[in-house]
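Fold and contact review
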Amino acid sequence: MNPRPRRVLIVDDNEMNRDMLSRRLERKGYAIREAESAHCLLETIQEEPVDLVLLDVEMPGISGLDALKTLRERFAPIELPVIMVTAKDRSEDIVAALALGANDYLTKPIDFPVALARIQTQLSHKHAEEALRESEERYALAARGANDGLWDWNLVDNLIYYSPRWKSMLGCQEEEIGNRLEEWLDRIHFADRERVKNEIDAHLQGRTPHFESENRVQHKDGSFRWMLSRGLAVRDASGKASRMAGSQTDITESKVADALTGLPNRLLFLDRLVRLIEHAKRHKDYLFAVLFLDLDGFKMVNDSLGHVIGDQLLVEVAKRLEKSLRVSDTVTRIEKLFTLARLGGDEFTILLDQVNDSNDAALVAERLMKAMEAPFALSGKKVFTSVSIGIALSGIGYDKAEDMLRDADTAMYRAKALGKARYEVFDLEMRASVVARLQLETDLRDALERGELRNFYQPIVCLKSGTITGFEALLRWQHPTRGLLQPIEFIPVAEETGMIRELGWWNLRQACRQIAVWNASRNGQSPLTMSVNLSVKQFLQPNLVAAISKLLFETAISPEILKLEITESTVMADPAAAVEMLSQIKSLGIQLSIDDFGTGYSSLSYLHRFPLDTLKIDGSFTKTIHQEGESAEIVRTILPMANSLRLNVVAEGVETAEQLAVLRQLQCEYAQGYYFSKPVSAEDAEALLKTRPKW
C-alpha cells in the first residue's frame, strides 16, 4: 500500500503566491490546502489535520507571528512543523518567529528548490519522530505479550538481563537464574557452544548485520531444547558495541516437523539418511535410494492463484505422495520412520530403503508421477501440476548425507532441463558435468582480472546505400585452455551468478572506447554508431543512468552514436518501471533498441509507450524469409507499423543475397548478418572499414 501524500497548508493573503506554490508542490506529490488568512487557523487544523504549515508573517488582521503563537499553545514543533515566510530584509521577523517556536523560515521571493528542501527536511524529522514513538510503543506491547524470552546484555558491566519468560522456557523460576552471561552460555550444548560464541563475536565486531543462531540449550529436566536466538548490538559514535539485546524462541517442534504438511523436515530426513549411509558402509550389498522431487510450475500457481492456494496444493501433494507409496516403502510420520519429507518450498524427498537396483527406484518414480496426473481440487479451482524427480543410489558410495542429497538434486535439475515431468538417475558423468560447470564459473570470475574478455564487432549496413553505418559489440571469452568461447557457452552462467553485470559494463565500456577511436579517424565521413546489449540485471541497477552518463563523459563520445539494445522480456516484466528507466536513459541523448523483436511478446501494440528508436527483427524470421513466405508477411506487418511509430528497423541474421533482396524490396532500412561479415575483432573491423565495402 502506498503511503498517503503529505499534507501542507499554505497560509498567505496573496492569491498569486498561494497558487504558484500550490501548483509546484502538488507536482511533487504533496496534498495542498490553502488559507487566505490566519483567522480560525487552529480550529481549521484541528478539524482537518495537516503535516506542515507554510505561514506568511505579514498578513492583515491576525499576523503570522500571532497565529504561530496560537499554534504552539496546541502543537509542539515536532507535532506540527511551521515554516515562516517573510520579506528578505525583515530579519527581526525571523528572530521573533524562531523564538516563538517556528521550525524554519523562507524569504521572498521564494526559491522553490530551497523551499522544497526545507519542507522535506522538516517532514523527515516529523516522520522519524513518529516512527520512533510507534516503535517504542510496539516494543513495549511486544515485550508484555511476547511468547519469546527476551535478554538485554550491558557490555560495559558485562551483566545480562533475562526476562521471566526466558527463564521459564528452560524450566527455571525467576530466582534460579542470575544476571551473568555464563547463565546462558554454560547451558548451550557443548557441540554448539563455540559456534554460538563465534557468532556473537562476529556481530559485536561488525562482521554480520545481526546475531542469529540455532542451538541446543539444556532444560532444567536435563533434556536439550532447540532455541533460535536473535540479537542486535547498539553502537556508540565510534561504532563500538555498548549493548546487545534480543530474543530466544523455542523451535524444537519446527526442528523435527514441517509446519505446513506435518511431514518430517530436512533435519530429520538427513538424520535418517546419515544412519542409512553408516549402515551401508558395514553391509556392502545393502542398497537404498534418495528421490528428490520438485513440483513443475509451482511458482505460476503461487503467482496466479495466491500463496493460500499454493500452500493447499503442497498439503494435497504430500498426502498424494504418501498414499501412492507402497507399504514396503515405509512412509510414516515423525514418531516412527521418516522416509518422506518436505525440505521446503515445493521440494520433497523420499528415502527408499532396501531397494534391489535402480529399477525399483524408477518404478516408484513412475508411480509418483502418474499420481500427479489427476487435477487437485483447491477452493473450487482445478489445479494441475507434475513433478520432476532426481534419483541418487547409495551404490555410488557416499560418506556424507549432504552429498547424496545434492546428487539427487542435480539429477532432478537434469530432469527439468530435459522437459520436466520425468525422472533422471544420477551418475558420475552427471557429476562431471556439474563439476565442469562450477569450474567454468570459477574461471569466469577470474576472466575480467586476467584480461581474457574480448569484444567482437559485427557491421550494421544501410540497405539504401549499401554501406556500413555502425557496429554491434558482441562479447567473447578467450579462455586460457578452451580457446575462444561464444556467448552461449558462458553468458547463461554469468546471468545465473550475477556476473553478467560486470561483464556487461566491461562490454559497454570497451565498445564506447572503440567507437571513439574509429570516429576520430573518419575524416569528414558520417560518424558510426555502436550498438551494445544491456542485460536485465544491468537494466535493474538503480545507478544505471548515472553510470552511463559518467561513461559518456569518460570516453568523450556523443550520446546519439550509442545504441543500447534491450530485449522485449526486459521491458515487459514491469512496463511502468521500464518506461521511467528508458525515459531517463533517453534523456541522455542515447538511442534505444528492442532486440530480437518477435520472439517474446510479438506485439507492436505496446511499443508506443516506450521511447524507442529501433526494432531489431530476430534472425529466425530473416533466415526463412521468402517472397511469399510467412516470415515475409510478419516483416511486412512490422515495417509499416514501425514506420508509423517513427522507429527504424534492423533485420538480423542476413546470410544470403536472396534474403537481402527481399528485405530491400520490403524497404527495410538496416541489416546485419554473416552475408556482410561475421563478428570480428576490432583490428579486423578496422581493416574492413578501410576497404569501404558496398553491398
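One structure accompanies this document, and this report is about it. Just so you know, these numbers come straight off a predicted model, no measurement behind them. (Residues numbered from 1 in each chain as written. Predicted model: local features only at pLDDT ≥ 70, side-chain atom pairs only at ≥ 80, totals over all residues. Heavy atoms only, no water.)

With that settled, the discussion passes to helix H14 (residues 401-417). Helix length check: H14, at 17 residues, gives a terminal C-alpha distance of 25 Å against a target of 24 Å (1.5 Å per residue), a fit within 8%. Every buried residue of H14 is accounted for by Ala401, Met404, Leu405, Asp407, Ala408, Thr410, Ala411, Met412, Ala415 and Lys416. Just past H14, the residue Gly419 takes up positive phi, approximately 130 degrees. (Helix = DSSP H or I, 4+ residues; strand = E, 2+ residues; numbered from the N terminus. Expected span 1.5 Å × (residues − 1). Buried < 20%, exposed > 50% of the residue type's maximum accessible area, 1.4 Å probe, protein only.)

Attention now moves to the pattern of salt bridges. Taken as a whole and judged by the stated rule, the model has 42 salt bridges. Note that Asp56 and Lys108 form a salt bridge whose closest N and O atoms lie 3.1 Å from each other. Placement of Asp56 in strand S3 (residues 52-56) and of Lys108 in strand S5 (residues 104-108) is noted, with a sequence separation of 52 residues between them. For Asp56, a relative accessible area of 2% corresponds to the buried category. The exposure class assigned to Lys108 is partly exposed, which follows from its relative accessible area of 29%. The network of salt bridges with common partners includes Arg6, Arg7, Asp51, Lys126 and Glu130. (Salt bridge = Lys/Arg side-chain N within 4 Å of Asp/Glu carboxyl O.)

The next thing to look at is the packing of helix H12 (residues 307-324) against helix H13 (residues 358-371). As a packed pair, H12 and H13 sit with axes 10 Å apart at the nearest point and diverge in direction by 135 degrees. Comparing their axes, H13 and H12 come out oblique. Relative to H13, H12 is oriented so that their crossing is right-handed. In this structure, H12 uses Arg320, Leu321 and Ser324 to contact H13, whose residues at the interface are Arg367, Leu368 and Ala371. A breakdown of the residues in the contact of H12 with H13 according to their chemical character gives 3 nonpolar, 1 polar and 2 charged. (Axes fitted to C-alpha atoms, helices over the stretch in contact; angles between N-to-C directions. Parallel < 35°, antiparallel > 145°, perpendicular 65-115°, else oblique. Left-handed = near helix turned anticlockwise from the far one by under 90°. Contact = heavy atoms within 4.5 Å. Nonpolar A, V, L, I, M, F, W, Y, C, P; charged D, E, K, R; others polar.)

Sheet architecture is open: 5 strands sit in the order S7-S6-S10-S9-S8, paired in antiparallel fashion. Since the sheet does not close on itself, it has two edges, and those belong to strand S7 (159-162) and strand S8 (211-218), each with one partner. Sheet twist, expressed as the average angle between the axes of neighbouring strands with direction ignored, equals 25 degrees. Summarising the sheet, strand S6 (residues 149-154) and S7 pair through 4 bridges and their orientation is antiparallel. The residue of S7 that forms the bridge with Trp153 is Ile160. Lying over the sheet, helix H8 (residues 190-204) contacts S6, S8, strand S9 (224-235) and strand S10 (241-250), oriented at roughly 155 degrees with respect to S8. (Pairing = 2+ DSSP bridges.)

The subject of this paragraph is the packing of helix H17 (residues 500-520) against helix H19 (residues 544-555). Running from amino to carboxyl end, H17 crosses H19 at an angle of 30 degrees, the nearest separation of the two axes being 10 Å. Here H17 lies roughly parallel to H19, going by the angle between them. The hand of the H17/H19 crossing is right-handed. Where H17 abuts H19, its residues Trp505, Leu508, Arg509, Cys512, Arg513 and Ala516 lie against Leu544, Ala547, Ile548, Leu551 and Thr555. Among the residues forming the contact of H17 with H19, the class breakdown is 8 nonpolar, 1 polar and 2 charged.

Further remarks concern the sheet that holds strand S17 (residues 423-425). In sheet architecture, strand pairing relies on hydrogen bonds along the backbone and comes in two forms, parallel and antiparallel. Reading across from one edge, S12-S13-S11-S16-S17 is the order of the 5 strands in this open sheet, with mixed pairing throughout. A single partner strand is all that each edge strand has here, and the edge strands are strand S12 (340-344) and S17. Put simply, the sheet's adjacent strands are angled 20 degrees from each other on average, direction ignored. As defined by bridge partners, strand S16 (residues 386-393) adjoins S17 across 3 bridges and the pair is classed as parallel.

We now examine the environment of Ala447. Mapped onto the fold, Ala447 is located in helix H15 (residues 428-450). Each C-alpha atom of the pair Ala447 and Pro480 lies 9.2 Å from the other, and the pair is 33 residues apart in sequence. In this view, Ala447 contacts Glu452, Leu453 and Trp477; residues no more than four positions away in its chain are not counted.

A separate point is the environment of Pro3. Mapped onto the elements of the fold, Pro3 is located in the segment before strand S1 (7-11). The exposure class assigned to Pro3 is exposed, which follows from its relative accessible area of 73%. When the C-alpha positions of Pro3 and Ile62 are compared, they lie 35 Å apart, and in sequence the two are 59 residues distant.

With that settled, the discussion passes to the layout of surface pockets. One number sums up the size of the largest pocket: a volume of about 1100 Å³. What lines the largest pocket is a set of 37 residues, and nearest its centre among them are Glu472, Leu474, Pro487, Asn533 and Asp595. Broken down by secondary-structure element, the contributors of at least two residues to the lining of the largest pocket are strand S19 (468-479), helix H16 (487-497), H17, helix H18 (536-539), strand S22 (562-567), strand S23 (591-597) and helix H22 (619-623). For the lining of the largest pocket, the class distribution of residues is 14 nonpolar, 13 polar and 10 charged. Taken as a whole, the second largest pocket holds about 390 Å³ of empty space. (1 Å grid on protein atoms, 1.4 Å probe; cavity = no way out; pocket = protein on both sides within 12 Å on 5 of 7 lines; lining within 4 Å. Points joined across faces, edges and corners; volume = space filled by probe spheres on them.)

Membership of the largest hydrophobic core comes to 64 residues, with the highest contact counts inside it found for Trp518 and Leu564. Residue contributions to this core peak at 6 residues, all from H17. Setting aside chain neighbours within four positions, we find Leu564 in contact with Leu508, Val532, Leu534, Ile548, Ile585, Ile590, Gln591, Leu592 and Ser593. Among the nonpolar cores identified, the runner-up in size contains 34 residues, and Phe298, Ile350, Leu368 and Leu378 belong to it. (Core = buried A, V, L, I, M, F, W, Y, C linked by side-chain atoms within 4.5 Å.)

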